[in-house]
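Spelled out from the first residue to the last, the chains are:
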Amino acid sequence: MNGLDTMAEQPTAAEAAARLGRLRRHRRRGFGAVCLVLLLAVLTALLVSLCTGDIALPVGDVWDTLLGGGDAGSRFVVVELRLPRALLALLVGFAFGLSGAVFQALLRNPLASPDVIGVSSGAAAAAVLASMVYGVSGIALSGTALVGALAAGAGVYLLAWRRGINGQRLVLIGVGVGTGLSSIVSYLMTRSEVTEAQSAFVWLAGSLNGRSWPQFWPLFGAVVVLAPLTLLGSRALPALQLGDGTAAGLGARVERDRLVLLGCATALAGVATAAAGPVGFVAFVSPPIARRLLPGHGAALLPAALTGSALVGLADLAGQHALPHTQLPVGLVTGVVGAPYLLWLLARANRVGQGG
Amino acid sequence: MTSSHTLQARQLSLGYGEREIVSRLDLALPPGRITVVVGPNACGKSTLLRALARLLPPLAGSVLLDGCDIHRTPTKEVAATLGVLPQSPVAPDAIVVADLVGRGRYPHQGWFRRWTRADDEAVAAAMLATDVLDLADRSVDELSGGQRQRVWIAMALAQETDVLLLDEPTTYLDISHQLDVLDLLTDLNRARGVTLALVLHDLNLACRYADHLIAMKAGRIVAEGPPGDIVTASLVHEVFGLRSAVIPDPASGTPMVVPLGRHHVTPPA
Amino acid sequence: MLGTGLALLALLLVAATGLSLVVGSGHVALHDVVDGVFTPDRSVRGQLVIQEVRLPRTLAGLLAGVALGLAGTVIQGLTRNPLADPGLLGVNAGAAVFVVFAISVLSLTEPGQYIWFGFLGACLATVLVYGIGSLGREGATPVKLALAGAATTAVLSSMTSAMLLTDSQTFDQFRFWQVGALGGRDIDVLRQALPFVVVGGLLANAMGPRLNGLALGDDVARGLGQRLSTTRVLGAASVVLLCGAATAVAGPLGFVGLAVPHAARLVTGPDYRWILPYSALLAPTLLLLADVVGRVVARPGELQVGVVTAALGCVPFILLVRRSARAAL
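Rules behind the numbers
Residues numbered from 1 in each chain as written. Chains lettered and ligands numbered in written order. Predicted model: local features only at pLDDT ≥ 70, side-chain atom pairs only at ≥ 80, totals over all residues. Helix = DSSP H or I, 4+ residues; strand = E, 2+ residues; numbered from the N terminus. Rg over C-alpha atoms; globule rule 2.2 N^0.38 Å. Buried ≥ 20, exposed ≤ 12 C-beta atoms within 10 Å, placed from the backbone. Contact = placed C-beta atoms within 7 Å. Nonpolar A, V, L, I, M, F, W, Y, C, P; charged D, E, K, R; others polar. Pairing = 2+ DSSP bridges. Axes fitted to C-alpha atoms, helices over the stretch in contact; angles between N-to-C directions. Expected span 1.5 Å × (residues − 1). Parallel < 35°, antiparallel > 145°, perpendicular 65-115°, else oblique. Left-handed = near helix turned anticlockwise from the far one by under 90°.

### Thoughts on the overall build of chain A
Phase 1: Along its length, chain A carries 14 helices and 0 strands.
Phase 2: When the helices and strands of chain A are listed from N to C terminus, the series reads α-α-α-α-α-α-α-α-α-α-α-α-α-α.
Phase 3: Since a compact globule built from 356 residues should have a radius of gyration of about 21 Å, the 22 Å found for chain A is in line with a globular shape.
Phase 4: Judged by the C-alpha coordinates and their principal axes, chain A covers about 80 × 55 × 40 Å.
Phase 5: Split into buried and exposed, the 356 residues of chain A put 55% on the buried side.
Phase 6: The contacts of chain A with a sequence gap of at least 6 include a subset with a gap of at least 24, amounting to 75%.

Here you go:
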């Protein structure tokens, strides 16, 4: 611009605007393409879940049954047994993935996730306490877990409030509260009968065993409300991610916008934990996977949610059918499946030199 | 097309925690003019700028934008009129230049408003002006300090406000880009009447480009006015503790401060 | 002034040690305590209790505490992340997997037997995490280490859970190891763990200046003449030795390693040459006091130290974080 080196003509404002428009549309196409691929993975997981099992059903029969045809037997297997569980898996993954992406974007720490800031521990402590001391189970147990999650999240937020919220402080206090709550869980595990402790352990590992329509509808209702609310609240993320000073300068209501997002993300993690136990690793691992699939797209909330869906869907499928005569809890398999994938992405990106 | 927006501080006291940095300061930014604030380190100039931008709530006193208390006005409304570029801004990982500059359009976008052509044009104009258009699809982390600084300035420009506050916008820039940025800000002021307030550390560039200069020390305004009127060797000594000779800048006629250190000074004949 | 603080902390540690020896479910006369430690006469019941029960657990608390305090400080300095605890590099998860394997597949039942499997697992896990985190141009940056560590921890935890779900006898043993306790350790175990703690401790303490450099950022550290890869390897090695030994002695006690450096930092400021010794003294003090509380509160049984440190420790930790103006490294 200061003369001696530029040989090319400076583009006009209109040309520049057109170029930026093209760039934006290109990026949007890339975003759409990745989301589409993820959606395809999700649907494939769903379809395979419906077809596989002790009674293998061909795709055609499954399709007929879904549309209302098919005999009573396949209707029972598909609609009563497999469909609710598969849909639940997808919803749980969606909720956790979205929640984790919001936490990591807001707190700007790759280790941040609902587990780390005490939300999962709150759910776990409430659930284990309720089931061991009061013998609560079923829907009531899920409800207790939800209450525990929300209470822990609210508690952490209030404890971290000191003329505003500092991200680092929130995370540290979350770790403190989470640890305290986890110690309660560990203590209860040592003070109970082995069988009780084991069933608590199964719940803690995150499981979709025996889940059906009664667990599905509450989660569905919650996600239908919370997900759009979260995506709406994420309009403030582009500003919030630039730091409190810059965000305020751009006209973001920093505390309010952040509270809304944190509230939604906590509630999403809470309802998902209530439905399936703390499968929190999904919330940790889906956002970095989504960010590496779509580098340069910022927080990538929707891809993270879809990644979570695909992950839990595939994990539950694997957990049910990979080993003969054993049903592995879905939480286990997400760890075994999701973590190596993250490690591979990390290693591959590193070799190419894109950094961490 | 002069900007008619006024930004003033009345009896403003600022501080962090218990420490008071600025006490009972009165200030009125001349509308439609370029104001530059200079002063030694820790004199409160960045603090003052943050308070004017409503980023720092005052301990006492008020900041008035167009006569209204800036803290009682909805923040998005303020952001449509007043833009600020803080010192050392934070960018999230793996963000692309075009995306970052685009975030300057945030105050103009409501809940459901889609990205429009006007937004593209504002971003394009800002990127052209700061010479970062070629970097549009590059990741901000990969840029040099100077390039990154220009991208942040582009973001502030994309906000298209009538008042713009910039805290040390020339810090990482080489001399040619420093002049580019200051010339571009001057264009903005002359063509669109944008009121500008800058904190600069280079005293000579401040004298050259300021319509109104404010010299601060220890949280007080020591002197303010057109540079030609107020910049003298005794002012420089009072504010910076620096011995100097002030001569007319051979290029612009504005005061040029020639620092006199312990070495390389020819004693007068 | 910091030196005086350190001396006071040392006195506090001595007091905690004394308390740990004196307090217990049975009453032991003071002179028996002293004799029991230095010139034990095993026919005297009080001195036997000291020798067999309280001395080992006090020593375990000292060893594990020093190890965890140092390991936690080093890992936070290496990763520049306030969320880092020594288990971040996968140490605890690796230990757990191997311990469960030893109990379930090899049918070992004595802690003295399976804890060394734990140590092996801790080492292997750290090597894996460090290896993956180091791939690529920049080497093991904080973010990559943290992510690799968390991911590896998740995989190993899943494998552990898988083994436990299918074997309830192992689960029964494991749920007690998992909570972290100072009881039931043989003096031999402590004797075996000691050299690891000593070597790891010396290594960690020597890392003070390097960690200070690292805290200023990779570029500044290189500019100050540091070989970053050496720093990271030495740091990881010290963490493995210390944390592996601590896990062998007391089971996985993650929270101590996370919280104590933060507390120390509030007193000492950001200078690692001071944070390290302060952490090394503060952690065992807290651990021993927690153990004493656990023994007193649940007489005649005990509340395991892992539960007490986490449950009680989180309260002052939260208060400290709230009080500090900058909750950052």
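### Overview of the overall build of chain C
Phase 1: In terms of helices and strands, chain C carries 14 helices and 0 strands.
Phase 2: Order of helices (α) and strands (β) in chain C, N terminus to C terminus: α-α-α-α-α-α-α-α-α-α-α-α-α-α.
Phase 3: Its C-alpha radius of gyration of 20 Å places chain C within 12% of the 20 Å reference for a compact globule of 329 residues.
Phase 4: When its C-alpha atoms are laid out on the principal axes, chain C stretches across 65 × 55 × 35 Å.
Phase 5: Residues classed as buried in chain C amount to 59% of the 329 residues present.
Phase 6: Here the analysis covers contacts within chain C between residues at least 6 apart in sequence; of these, 75% occur between residues at least 24 apart.

### Some points on the interface of chain A and chain B
Phase 1: Taken residue by residue, the interface counts 29 residues in chain A and 36 residues in chain B.
Phase 2: At the level of elements, α1 (13–51), α9 (237–240) and α10 (244–249) of chain A are the ones that each hand at least two residues to the side of chain A that touches chain B.
Phase 3: When residues of the side of chain A that touches chain B are assigned to their parent elements, the largest contribution, 6 residues, is made by α1(A).
Phase 4: Taken together, the residues that form the side of chain A that touches chain B break down as 15 nonpolar, 10 polar and 4 charged.

### Regarding unusual backbone geometry
Residue and element names in this part refer to chain B.
Phase 1: Although it is not a glycine, Arg54 sits at a positive phi angle of roughly 65°.
Phase 2: Mapped onto the fold, Arg54 is located in the loop between α1 (45–52) and β4 (60–65).
Phase 3: When the 22 C-beta atoms within 10 Å are taken as the criterion, Arg54 is described as buried.
Phase 4: Positive phi outside glycine occurs at Ala218, with the angle close to 50°.
Phase 5: Tracing the backbone through its elements, the reader meets Ala218 in the loop between β9 (212–217) and β10 (220–225).

### Remarks on the arrangement of the chains
Phase 1: Counting contacts across all 2 pairs of chains that touch, the top-ranked interface belongs to chains A and C.
Phase 2: Note that chain B does not reach chain C: the shortest distance linking a C-alpha of one to a C-alpha of the other is 10 Å.

### Concerning the sheet that holds β4(B)
Sheets are built from strands that pair by backbone hydrogen bonding, the pairs being arranged parallel or antiparallel.
Residues and elements named next belong to chain B.
Phase 1: Spatially, β2-β1-β4-β5 is the arrangement adopted by the 4 strands of the open sheet, whose pairing is antiparallel. In this open sheet, the two edge strands, each paired with only one partner strand, are β2 (19–29) and β5 (68–69).
Phase 2: Bridge count for β4 against β5 is 2 bridges, and the pairing is antiparallel. Bridging across to β5, Leu64 finds its partner in Asp69.

### Some remarks on the interface of chain A and chain C
Phase 1: The interface is formed by 49 residues belonging to chain A together with 47 residues belonging to chain C.
Phase 2: Mapped onto the side of chain A that touches chain C, the elements with two or more residues apiece are α6 (167–191), α7 (194–205), α12 (281–293) and α14 (330–352) of chain A.
Phase 3: Among the elements that line the side of chain A that touches chain C, the one with the most residues is α6(A), at 17 residues.
Phase 4: Here the side of chain A that touches chain C is composed, by residue class, of 30 nonpolar, 16 polar and 3 charged.

### Considering the sheet that holds strand β6 (residues 82–85) of chain B
Residues and elements named next belong to chain B.
Phase 1: With mixed pairing, the 6 strands of this open sheet are ordered in space as β6-β7-β8-β3-β9-β10. Where the open sheet ends on each side, the last strands, each with one partner, are β6 and β10. Strand-to-strand twist across the sheet, computed as the mean angle between neighbouring axes with direction ignored, equals 15°.
Phase 2: Pairing of strand β3 (residues 34–38) with β9, which is carried by 4 bridges, proceeds in the parallel orientation. Bridge pairing in β9 places Val37 opposite Ile214.
Phase 3: Against the sheet, helix α5 (residues 145–158) touches β6 and β7 (163–167), its axis set at about 170° to β6.

### Side note on α7(A)
Residues and elements named next belong to chain A.
Phase 1: Here α7 spans 16 Å end to end across 12 residues, near enough to the 16 Å set by a 1.5 Å rise per residue.
Phase 2: For α7, the complete set of buried residues consists of Ala197, Ala200, Phe201, Trp203, Leu204 and Ala205.
Phase 3: Gly206 sits one or two positions beyond α7 and adopts a positive phi of about 85°.

### Topic: α1(A)
Phase 1: Its 39 residues give α1(A) an end-to-end C-alpha distance of 57 Å, which sits within 8% of 57 Å, the value for a rise of 1.5 Å per residue.
Phase 2: Along α1(A), the positions that sit buried rather than exposed are A:Ala16, A:Ala17, A:Leu20, A:Leu38, A:Val42, A:Ala45, A:Leu46, A:Ser49 and A:Leu50.
Phase 3: In this structure, the buried side of α1(A) is in contact with α2 (59–66), α3 (72–107) and α13 (301–321) of chain A together with α3 (97–102) and α4 (117–129) of chain B.
Phase 4: At the C-terminal side of α1(A), A:Gly53 shows a positive phi close to 150°.

### Looking at the packing of α3(A) against helix α11 (residues 254–276) of chain A
Residue and element names in this part refer to chain A.
Phase 1: The N-to-C vectors of α3 and α11 enclose an angle of 150°; their axes lie 9 Å apart at closest approach. Overall, the two elements α3 and α11 adopt an arrangement that is roughly antiparallel. Considering the relative orientation of α3 and α11, their crossing is left-handed. Taking contact as the criterion, the partners of Leu88, Val92, Ala95, Phe96, Leu98, Ser99, Val102, Phe103 and Leu106 in α3 are, on α11, Arg258, Leu261, Leu262, Ala265, Leu268, Ala269, Val271, Ala272, Ala275 and Ala276.

### Topic: the packing of helix α5 (residues 139–160) of chain A against α11(A)
Residue and element names in this part refer to chain A.
Phase 1: Running from N to C, α5 and α11 point in directions that differ by 155°, and their axes come no closer than 8 Å. With respect to each other, α5 and α11 are oriented roughly antiparallel. Crossing handedness for the pair α5 and α11: right-handed. Across from Ser142, Gly143, Ala145, Leu146, Ala149, Leu150, Gly153 and Tyr157 in α5, the residues of α11 making contact are Leu262, Thr266, Ala267, Ala269, Gly270, Val271, Thr273, Ala274 and Ala275.
Phase 2: Split into classes, the residues belonging to the contact of α5 with α11 amount to 11 nonpolar, 6 polar and no charged.

### What about the environment of A:Leu39?
All names here are of chain A.
Phase 1: Structurally, the position occupied by Leu39 is in helix α1.
Phase 2: For Leu39, a count of 14 C-beta atoms within 10 Å puts it in the partly exposed group.
Phase 3: Placed 303 residues apart in sequence, Leu39 and Leu342 show a C-alpha to C-alpha distance of 19 Å.

### Section: the pairing of strand β8 (residues 195–199) of chain B
Residues and elements named next belong to chain B.
Phase 1: For β8, the buried fraction is high: 5 of the 5 residues fall into the buried class.
Phase 2: Covered by surrounding structure in β8 are Thr195, Ala197 and Val199 together with Leu196 and Leu198, the residues of both alternating faces.
Phase 3: Bridge analysis of β3 against β8 gives 4 bridges, and the strand direction is parallel. Among the inter-strand pairings, Ile34 is bridged to a residue of β8, identified as Leu196.
Phase 4: Strand direction decides the pairing type here: β7 and β8, joined by 5 bridges, are parallel.

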